[in-house]
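# Structural description and commentary
Now for the letters of each chain:
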Amino acid sequence: MSLLRKRHPSTGGKRAVPALRLSLSLMLLMLCTPLAAERLVVAGGAITEVIYALGAEDQLIAVDSTSTWPPEARNLPRVGYVRALPVEGILALKPDRLLVAPEAGPERALRQLERVVPVTRITSAWEPDAVVERVRQIAELLDRREQGERLASQLEQEFAEIERRLPLDRQPRVLFLLATGGHGLLVGGRDTQAQALLDALQLPNAAEQIEGFKPLNAEAALALRPELIVVAETAEGAFRLEDWPALQQTPAGRSGRVLVRDSMFLLSFGPRLPQAMEAVLAAARGRDGRTAWLPR
Ligand code: HEM
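Residues numbered from 1 in each chain as written. Predicted model: local features only at pLDDT ≥ 70, side-chain atom pairs only at ≥ 80, totals over all residues.

Spatial ordering of the open sheet is given by E2-E1-E3-E4, a layout of four strands whose pairing is parallel. Of all strands in the sheet, those bounded by a partner on one side alone are strand E2 (60–63) and strand E4 (119–121). Going from strand to strand, the sheet's axes swing by 20° on average, the running direction of each strand aside. Its contacts with the sheet place helix H3 (residues 45–53) against strand E1 (40–43), E2 and strand E3 (97–100), and it is angled at close to 135° to E1. (Pairing = 2+ DSSP bridges. Helix = DSSP H or I, 4+ residues; strand = E, 2+ residues; numbered from the N terminus. Axes fitted to C-alpha atoms, helices over the stretch in contact; angles between N-to-C directions. Contact = placed C-beta atoms within 7 Å.)

Next comes the structure, spelled out in structure tokens:
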């Protein structure tokens, strides 16, 4: 109001009311207008995947290091890791908006960014239904409703098809490992994306008594007697079974039931979730109850 009065000193503020109405309408319009023309920085590989699937990748000016799919996304400028976002580096790109995943952080960095640039926090998705919802949310934001609806119904069909085959007659106890370069091997316990993926497949988590991702204690893992080990690698080759003699001694290690896949493929809960579920399901089912060493 004071700003408007300054602009119209001669009116003594009388014209401020229509002017205020106009600016409020403009603000409302801006809030409701999809981000179709905005230059976006994305933090969260699943969001990037959805944007490509919707054909809106021209809007991307930079992505974080978990945006590894589709392969073209690797050619975009990088702004660091989703859980450790660099404020300066992002602002230097002068984006119109940031789209961030729920795991984006640290919170302090997000708050600093929010002071300068609009930040849209994309909803979390740890279940198939929520993955579909998130596709719709991003499609709506980017004014790609038609493409979004197509992708959403395709995913719905794929999830329904998988669900029809659940539960498996025999459900192996699964040990889920996250192989990060620097942090070594982390076990996926309760309240993790690993647990969420196993829940979606109605498979038991051998490490459900652990909370979150915790460093692997190899001897303790032996006591968990996993019948299948699923390894999510943050970089290809981060995991080598030969480095873990205790894991080799588990029922899974002895029978060669070890599935190693890219971490974003398995755990990002993006549009490739049906394929990730199929991969784990195939490993869980095994061939004649046993699976030869599962190829990458
Ligand atoms: C391309 C994929 C990924 C890359 C390049 C990557 C990279 C990293 C890096 C660099 C760190 C250390 C960060 C720091 O110390 O500040 C880290 C930590 C971590 N990452 Fe990832 N990561 C990836 C995917 C994932 C996925 C899919 C998950 C789980 C769903 C995950 C969970 C974690 C956890 C729990 C930590 C340690 C806890 C923390 O410091 O917050 N990461 N990752």
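With that out of the way, let us pick up the sheet that holds strand E6 (residues 184–188). Strand order in the open sheet formed by five strands is E7-E6-E5-E8-E9, with mixed pairing between adjacent strands. Lying at the two open borders of the sheet, with one neighbouring strand each, are strand E7 (213–215) and strand E9 (258–262). The sheet shows a mean angle of 30° between the axes of neighbouring strands, taken without regard to direction. Judged from the five bridges that link them, strand E8 (residues 228–233) and E9 form a sheet pairing that is parallel. Bridge pairing in E9 places Ala232 opposite Arg261.

Taking 1.5 Å of rise per residue, the 13 residues of helix H13 (residues 273–285) would be expected to cover 18 Å, and the 18 Å separating its terminal C-alpha atoms lies within 8% of that figure. For H13, the set of buried residues is Leu273, Ala276, Met277, Val280, Ala283 and Ala284. Seen end-on, H13 carries its buried residues on one side only, within an arc spanning 130°. Looking at the buried side of H13, the elements it contacts are helix H6 (128–141), helix H7 (145–164), helix H8 (193–200), E8, E9 and helix H12 (263–267). (Expected span 1.5 Å × (residues − 1). Buried ≥ 20, exposed ≤ 12 C-beta atoms within 10 Å, placed from the backbone. Arc of directions from axis to C-beta.)

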